Amino acid sequence: MGESFTSYSTKRGGSLLLLRSGYHTAGNLFLLAERDNIVVTWLVRFGGFLMMFLGLKMVSHPLEVVLDVIPCIGRLAGDLIGGASGIMTCIVAAALSTLTIAIAWLAYRPFFSIMLLGVVGGLVYMMKKRAASKLGDRQDSFNDARNISGTCKNRQRRLCLECVLFF
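First things first, this report covers the structure right here in the doc.

Examining the packing of aromatic side chains
Two measures describe an aromatic ring pair: the distance that separates the ring centres and the angle between the ring planes. Applying the stated rule across the entire model yields four aromatic pairs. Ring plane angle 35° and centroid distance 6.5 Å describe the contact between phenylalanine 46 and phenylalanine 49, whose orientation is recorded as tilted. Of this pair, phenylalanine 46 and phenylalanine 49 both sit in helix H1 (residues 26-68), three residues apart, roughly one helical turn. Relative to phenylalanine 53, the ring of phenylalanine 49 has its centre 6.4 Å away and its plane inclined at 20°; by these criteria the two rings are stacked. Of this pair, phenylalanine 49 and phenylalanine 53 both sit in helix H1, four residues apart, roughly one helical turn. Every member of this aromatic cluster is reached through a ring pair, and the members are Phe46, Phe49 and Phe53. Above the ring of tryptophan 42, the side-chain terminus of arginine 45 is found at 4.6 Å from the ring centroid.

Now the structure itself:
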């Protein structure tokens, strides 16, 4: 056994120094270093997601505060919007974090990166399509309500408040 530690020179010209207490084989040191890298990578990814979630939550928080000011229903409305914005913020932060990871992987793992970009793109497309269909349903119901005006008991051309509320 030697009296000092020196780094190992790799074939690419870099240096490598793995040091652990106890007796370990070279293969075991590499396995432990690989495991440590995986743990650190996932901690950084989770930290990035958490920071993105907190940042988006801070951006949406003023809407919650504005609704809290309304008398009688403000607290309930603020809490409802706070919960809904928390769920939406979590979804958006997850999508943006996945997008960030996919872009970072482009150089090292292009297949997985393209797969992740496809998944995020597909989810965004599905969400847009669903939102457009819901908007279309609302437009259809609005048009149906306009057509009810012929049955208005007040015989007005426009809908009266009574017809809107009870039909």
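Side note on helix H2 (residues 74-105)
The terminal C-alpha atoms of H2 lie 45 Å apart, and with 32 residues this matches the ideal 46 Å at 1.5 Å per residue to within 8%. Residues of H2 that are buried: Gly74, Ala77, Gly78, Gly82, Ser85, Gly86, Thr89, Ala93, Ser97, Ala102 and Trp105.

Some words on the pattern of salt bridges
All told, the structure shown has three salt bridges when counted by the stated rule. One salt bridge connects aspartate 36 with arginine 20, and the closest N-O pair in it is separated by 2.1 Å. Placement of aspartate 36 in helix H1 and of arginine 20 in the loop between strand S2 (15-16) and H1 is noted, with a sequence separation of 16 residues between them. Taking the shortest distance from any N to any O, the salt bridge between lysine 57 and glutamate 64 comes out at 4.0 Å. A residue is classified by how much of its surface remains accessible, and glutamate 64, at 13% relative accessible area, is buried. Each of Arg20, Arg35 and Asp36 takes part in a single network of salt bridges with overlapping partners.

What counts and how
Residues numbered from 1 in each chain as written. Predicted model: local features only at pLDDT ≥ 70, side-chain atom pairs only at ≥ 80, totals over all residues. Heavy atoms only, no water. Phe/Tyr/Trp six-rings, centres within 6.5 Å; stacked < 30°, edge-to-face > 60°. Helix = DSSP H or I, 4+ residues; strand = E, 2+ residues; numbered from the N terminus. Lys NZ or Arg CZ within 6 Å of the ring centre and 35° of its normal. Expected span 1.5 Å × (residues − 1). Buried < 20%, exposed > 50% of the residue type's maximum accessible area, 1.4 Å probe, protein only. Salt bridge = Lys/Arg side-chain N within 4 Å of Asp/Glu carboxyl O.

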